[in-house]
Amino acid sequence: SPFAATAGERKGIKVIQEFFPPQHLDCIPDLIFQVVVLEHIESPLPFLRSQVACMEEGGIIVVNVPDCSKSLERGDISIALHQHVNMFDMVSLPALFRAVGLQVIKLERSRYGSALYCAARKTKDLQSAAPVKDSGRWARFEAQAGKNIESFKSVVEDARKAGDSIGFFMPQRAFPYLGMLDWFEGFRVFDNLNLWHHRYLDGTTVPVENQADLVEKPVDHIFVMSLTFGNEVAQQLRKDVPNM
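Because the structure is predicted, anything quoted here is derived from the model rather than measured.

A. Expanded view of the pairing of strand β2 (residues 60–66). Counting buried positions along β2 gives five out of seven residues, so the element sits mostly inside the fold. In the classification by handedness, the crossover that spans strand β1 (residues 31–35), the intervening helix α2 (residues 44–53) and the parallel β2 is right-handed. As paired strands, β2 and strand β4 (residues 115–122) are joined by seven bridges and run antiparallel to one another. Bridge pairing links V63 to C118 in β4.

B. Quick peek at the side chain of D213. Here D213 lies in helix α7 (residues 211–216). When neighbours within four sequence positions are excluded, D213 is seen to be in contact with R188, H197 and H198.

C. The layout of surface pockets, seen in detail. Size it by volume and the largest pocket reaches roughly 1600 Å³. Taken together, 48 residues make up the lining of the largest pocket; nearest its centre are R173, M225, S226, L227 and T228. Mapped onto the lining of the largest pocket, the elements with two or more residues apiece are β2, α3 (69–74), α5 (135–161), α6 (171–181), β8 (221–224) and α8 (230–240). Here the element with the most residues in the lining of the largest pocket is α3; it accounts for five residues. Across the lining of the largest pocket, the residue classes break down as 20 nonpolar, 19 polar and nine charged.

D. Here's a closer look at the sheet that holds strand β6 (residues 188–190). Pairing is parallel in the open sheet, where four strands are placed in the order β7-β6-β5-β8. Of all the strands in the sheet, just β7 (208–209) and β8 have a single pairing partner and so form its edges. Of the strand pairs in this sheet, β6 and β7 are connected by two bridges, and their pairing is parallel. Bridged to V189 within β7 is V208. Here α8 sits on the sheet in contact with β5 (166–169) and β8, set at roughly 155 degrees to β8.

Parameters and conventions
- Residues numbered from 1 in each chain as written.
- Predicted model: local features only at pLDDT ≥ 70, side-chain atom pairs only at ≥ 80, totals over all residues.
- Heavy atoms only, no water.
- Buried < 20%, exposed > 50% of the residue type's maximum accessible area, 1.4 Å probe, protein only.
- Helix = DSSP H or I, 4+ residues; strand = E, 2+ residues; numbered from the N terminus.
- Right-handed = clockwise from strand over helix to strand, strands pointing away.
- Pairing = 2+ DSSP bridges.
- Contact = heavy atoms within 4.5 Å.
- 1 Å grid on protein atoms, 1.4 Å probe; cavity = no way out; pocket = protein on both sides within 12 Å on 5 of 7 lines; lining within 4 Å.
- Points joined across faces, edges and corners; volume = space filled by probe spheres on them.
- Nonpolar A, V, L, I, M, F, W, Y, C, P; charged D, E, K, R; others polar.
- Axes fitted to C-alpha atoms, helices over the stretch in contact; angles between N-to-C directions.

Structural data, given as structure tokens:
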């Protein structure tokens, strides 16, 4: 990214503007630290193998990815976020490391928000493990997702038929469900990310409002689309707008 290169230059940090593995890597890294990368990589196995190949024995790879455990358990299709092609949980993330021959040394959930952290070491004697194959997990997710979609359709369509105003908090999480309804206008969307305020998400013409906008001008029905922060937001909205 040219933005990263400019920021790196300003801070005295060398930034190599190439895809990984770079041709001009002039060192053998002891540590590779990825923040929200693996969920965007279509083929994570060869990507991780290329990182392992450029390290000596004892090198450590640390990753941070969104924790999709709850969504996978509940059949929540809102994890199909823009640009995310992999969804990891406490089973699949360490399995990915073991599949490329890395020794998992630590796996933990974030203390706030919803993220997974995993650290693994390159060890000469460790053999690659076969990737975990569990078609039953997918079948359970698919079955629950179908129920969730039908429930969402039923509640939203009832509100639409009644002519009520509708809003969605955390709009990125709402759009996978709205896509199942083929409905992309005629509602309001809200998020407390200041960067988005009065701007638009890709492909939509509905401006993003914030919580203060919602309190000032409520809707009849608000859907809070977050497993991580949903209760926190809902409790505050019940206090500020008790009739919504």
